[in-house]
Amino acid sequence: MRYQLHLSMTEEDYLNFNYFQAMESEQGKKMLMKSRLVLLTIMAAAVLLMVIIIGLDSFLIPYVSLMVIITVIYMAFYKKIFGRSLRKQILKTKKAGRLPYEPEVEYEFYEDKVVAIAPETRTEFSYRQIERICVVGERYIYVYNSSVSALVLSVSQIRQQVNEEEFLQFLTEKCPNVEHYQ
């Protein structure tokens with residue numbers, strides 16, 4: 001075993017990962033753009049349909065104005081809306097008695113695989129399964145083992161246990177697809 005890390009994850013860490021996944025990563029930005037285009041298309045189709053059915057009438061102007069205002073507000077505040085939605089999702093899951101993440105995980109990094117051991121689960125995957133590694137400033141390292149799932153590694157906790165630069169170098173050797181974000 002090359003590295004063994006015992007890391008804890010907070011609600012804030014989970015929110016930051018999901019926010020990064022949806023808003024900052026290249027895949028998230030593409031999905032965000034697609035969802036905005038879909039919303040614009042739906043609104044434009046609704047306006048066009050109203051014009052076709054009712055015709056150009058002064059009666060239509062308030063409805064079209066309202067649709068435009070709603071669309072602009074939604075697009076302007078999408079990030080805040082998404083953040084609140086995530087927080088509500090976590091609260092619902094907590095009330096149900098289960099967290100959507102493991103608060104304590106022990107990670108074992110071997111030469112050929114990664115093992116994540118939590119109190120109720122054990123996940124094992126080879127380095128070939130890692131899609132990419134995202135280094136987010138001085139805060140997190142996300143090791144993606146699928147397009148939407150990643151190991152959330154807190155840089156501050158890594159620094160307390162191992163040499164961060166050597167650890168990141170080890171990961172880079174295993175998976176050269178490393179992206180850096182601020």
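Above this note sits the structure.
A. Structural view of a nonpolar patch on the surface. A surface patch of nonpolar side chains, amounting to about 750 Å² of accessible area, comprises Leu-48, Leu-49, Ile-52, Ile-53, Ile-54, Phe-59 and Tyr-63. Broken down by element, the nonpolar patch gets its largest block of residues, five residues, from helix H2 (residues 26-54).

B. Structural view of helix H1 (residues 11-24). The first and last C-alpha atoms of H1 sit 19 Å apart over 14 residues, in line with the 20 Å expected at 1.5 Å per residue. In terms of burial, H1 is a largely internal element, 10 of the 14 residues being buried. Three or more residues of H1 are buried, namely Asp-13, Tyr-14, Leu-15, Asn-16, Phe-17, Asn-18, Phe-20, Gln-21, Ala-22 and Met-23.

C. Local environment of a positive patch on the surface. Together, Lys-80, Arg-84, Lys-88 and Lys-92 make up a positively charged patch on the protein surface. Assignment of secondary structure puts Lys-92 in helix H4 (residues 78-95).

D. The packing of H2 against helix H3 (residues 61-76), seen in detail. Closest axis-to-axis distance for the H2/H3 pair is 11 Å, and the angle between their directions is 180°. It follows from the interaxial angle that H2 and H3 lie roughly antiparallel. Taking contact as the criterion, the partners of Arg-36, Leu-39, Leu-40, Met-43, Ala-46, Val-47 and Met-50 in H2 are, on H3, Tyr-63, Val-64, Met-67, Thr-71, Tyr-74 and Met-75. Per-class residue counts for the contact of H2 with H3 are 11 nonpolar, one polar and one charged.

E. Looking closely at the sheet that holds strand S8 (residues 178-181). Overall, mixed pairing links the four strands, which are arranged S7-S6-S5-S8 in an open sheet. A single partner strand is all that each edge strand has here, and the edge strands are strand S7 (150-154) and S8. Each neighbouring strand pair of the sheet contributes to a mean axis angle of 15°, computed without reference to strand direction. Here strand S5 (residues 132-136) runs beside S8; their pairing, made up of four bridges, is parallel. Directly across from Cys-134, in S8, lies its bridge partner Glu-179. Seen against the sheet, helix H6 (residues 164-174) touches S5, strand S6 (140-144), S7 and S8 and runs at an angle of roughly 20° to S6.

F. Summary view of the pattern of salt bridges. Overall, the coordinates contain nine salt bridges when judged by the stated rule. Arg-132 is the partner of Glu-179 in a salt bridge, and the nearest nitrogen-oxygen pair spans 3.8 Å. Linking Glu-179 in strand S8 with Arg-132 in strand S5, this pair joins segments that are 47 residues apart in sequence. Since its relative accessible area comes to 18%, Glu-179 is described here as buried. A relative accessible area of 2% means that Arg-132 is categorised as buried. A network of salt bridges, in which partner residues are shared, links Arg-2, Glu-111 and Lys-174.

Rules used throughout
Residues numbered from 1 in each chain as written. Predicted model: local features only at pLDDT ≥ 70, side-chain atom pairs only at ≥ 80, totals over all residues. Heavy atoms only, no water. Patch = residues over 30% accessible without salt bridge, like charges linked within 9 Å, V, L, I, M, F, W, Y side chains within 5 Å. Areas by Shrake-Rupley, 256 points an atom, 1.4 Å probe, with all protein chains shown as cover. Salt bridge = Lys/Arg side-chain N within 4 Å of Asp/Glu carboxyl O. Helix = DSSP H or I, 4+ residues; strand = E, 2+ residues; numbered from the N terminus. Expected span 1.5 Å × (residues − 1). Buried < 20%, exposed > 50% of the residue type's maximum accessible area, 1.4 Å probe, protein only. Lys, Arg positive; Asp, Glu negative; His and termini not counted. Charge placed at Lys NZ, Arg CZ, Asp CG, Glu CD. Axes fitted to C-alpha atoms, helices over the stretch in contact; angles between N-to-C directions. Parallel < 35°, antiparallel > 145°, perpendicular 65-115°, else oblique. Contact = heavy atoms within 4.5 Å. Nonpolar A, V, L, I, M, F, W, Y, C, P; charged D, E, K, R; others polar. Pairing = 2+ DSSP bridges.

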